[in-house]
Amino acid sequence: MDALNKVIEGFRRFRDDGMRNNPTLFASLAREQTPKVMMIACCDSRVDPALITSADPGDLFILRNVANLVPPFEPDGARHGTSAALEFAVNGLGVQHVVVLGHASCGGIRALVQRDPEQPNNDFIDVWMSQIADVRARILHDHADVDAHEHQHLCELESIKVSLANLATFPWIADRLTAGTIRLHGWYYDIANARILAYDREADAFLPL
């Protein structure tokens, strides 16, 4: 079975088992969605937010992009897919939690950390990752004694903190933070060990969830 046929067969099993065993749920979902949790995750094929949290359809509003980054609030008329998804989730759906879900072995972070400045830029990835270029510079400077693998790991963690700070620059998120109607979370998924670390602001550390 080739890769696409495996996907098609998977849909058929979902249709025959999942949908037919819970018709009430899917009838409800066909009318509206009411998720309370938004997850901002990476495009990485190994990190499926619904799978690793055992979520049901409709539980999570999921945004995926390269390296699970959130840019700052920039209403400049450009095309901002991540910001548009945030606006819809917060203002349109009224989500109560926004989770930035980073992960180990992130290809986007690796591209940033290991990028050779002598090589020509690609069309989109370098520009996208440049929003955390200062994270790379700080990690390489402050942790010059560790190897590339640890540089990447530290950048993966720090990038989550940057995205959390950027979320608070959106005025309609800031207002809800002040009102206590929304909460922001930073999670880090360790693929090999199947564990999640959560960012603790008071300790400024990622601790077991």
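Summary of the structure given here. (Residues numbered from 1 in each chain as written. Predicted model: local features only at pLDDT ≥ 70, side-chain atom pairs only at ≥ 80, totals over all residues. Heavy atoms only, no water.)

**So, the overall build of the chain**
Counted only if it meets this: Helical segments are the DSSP runs of H or I of at least four residues, strand segments are the runs of E of at least two, and each set is numbered from the N terminus. It is over C-alpha atoms that the radius of gyration is taken, and the globule rule equals 2.2 Å times the number of residues to the power 0.38. Type-normalised accessible area, obtained with a 1.4 Å probe on protein chains alone, sets the label of each residue: buried when under 20%, exposed when over 50%, and partly exposed for intermediate values. Contact definition: two residues touch when any of their heavy atoms are within 4.5 Å. Only four residue types enter the tally: Lys and Arg on the positive side, Asp and Glu on the negative side; His and the chain ends are excluded. One atom stands in for each charge, and that atom is NZ of Lys, CZ of Arg, CG of Asp or CD of Glu.
Check the secondary structure of the chain and you find 9 helices and 6 strands. Computed over the C-alpha atoms, the radius of gyration of the chain is 19 Å, within 12% of the 17 Å expected from 2.2 N^0.38 for a compact globule of 209 residues. Dimensions of the chain, computed from C-alpha atoms along their principal axes, come out at roughly 55 × 50 × 40 Å. A buried classification covers 35% of the 209 residues belonging to the chain. Put simply, of all contacts in the chain between residues at least 6 apart along the chain, 64% involve residues at least 24 apart. Side chains of the chain carry 19 positive and 28 negative charges; the gap between the two charge centres is 7 Å.

**A few points about the nonpolar core**
Nonpolar side chains in soluble globular proteins generally cluster together in the buried interior. Our working rule: Buried Ala, Val, Leu, Ile, Met, Phe, Trp, Tyr and Cys residues form a nonpolar core when they are joined through side-chain atoms within 4.5 Å.
Ranked by size, the top nonpolar core spans 27 residues in total, and within it Met-38, Ile-40, Leu-86, Val-98, Leu-167 and Ile-173 carry the most contacts. Secondary-structure elements contributing two or more residues to this core are strand E1 (37-42), strand E2 (60-65), helix H4 (81-93), strand E3 (97-103), helix H8 (148-167), helix H9 (171-179), strand E4 (183-190) and strand E5 (195-200). When residues in this core are grouped by element, the largest group, 5 residues, is from H4. Leu-69, Cys-106, Val-135 and Leu-154 belong to the second-largest nonpolar core, a separate cluster that totals 13 residues.

**Here's the deal with the state of the cysteines**
Note the following rule: The disulfide definition used here is simple: a pair of cysteine sulfur atoms within 2.5 Å.
Inspection of every chain in the model, using the stated rule, returns 0 disulfides. Take Cys-43: it sits in no disulfide, and the sulfur closest to it among the cysteines is that of Cys-42, at 5.6 Å. With a relative accessible area of 43%, Cys-43 lands in the partly exposed category. Sulfur of Cys-106: no disulfide; nearest cysteine sulfur belongs to Cys-42 and is 4.1 Å away.

**As for unusual backbone geometry**
Here Ser-105, not a glycine, exhibits a phi torsion of approximately 60 degrees, which is positive. Looking at the element boundaries, Ser-105 is found in the loop between E3 and helix H5 (107-114). Here Ser-105 falls in the partly exposed class, since its relative accessible area comes to 35%. Phi at Ala-194 is positive, roughly 50 degrees, even though this residue is not glycine. Relative to the assigned elements, Ala-194 resides in the loop between E4 and E5. For Ala-194, a relative accessible area of 62% gives the class exposed.

**Details of empty space enclosed by the protein**
Rule in force here: Both site types are read off a 1 Å grid over the protein atoms alone. A 1.4 Å probe that fits but cannot get out defines a cavity, while an open set with protein on both sides within 12 Å along at least five of seven lines defines a pocket; lining residues have an atom within 4 Å of a point. Grid points are joined across faces, edges and corners, and a volume is the space filled by probe spheres set on the points. Note on residue categories: nonpolar means Ala, Val, Leu, Ile, Met, Phe, Trp, Tyr, Cys or Pro, charged means Asp, Glu, Lys or Arg, and polar means any other residue, Gly included.
Applying the stated criterion to the full structure yields 1 cavity of 30 Å³ or more. Here the largest cavity defines a volume of roughly 30 Å³. Only E3 and H8 provide two or more residues apiece to the lining of the largest cavity. Of the residues contributing to the lining of the largest cavity, the split by class is 3 nonpolar, 4 polar and 1 charged.

**So, the pattern of salt bridges**
The following threshold applies: By salt bridge we mean one thing: a side-chain nitrogen of Lys or Arg within 4 Å of a carboxyl oxygen of Asp or Glu.
The tally for this structure, following the rule as stated, stands at 8 salt bridges. A salt bridge links Arg-46 to Asp-44; its shortest N-O distance comes to 2.6 Å. Overall, the relative accessible area of 42% leaves Arg-46 in the partly exposed class. Among the ionic pairs, Glu-158 bridges to Lys-161, the shortest N-O distance being 3.0 Å. You can see Glu-158 and its partner Lys-161 sitting in helix H8, 3 residues apart, about one turn around the helix. Members of the salt-bridge network, linked through shared partners, are Arg-138, Glu-158, Lys-161 and Asp-204.

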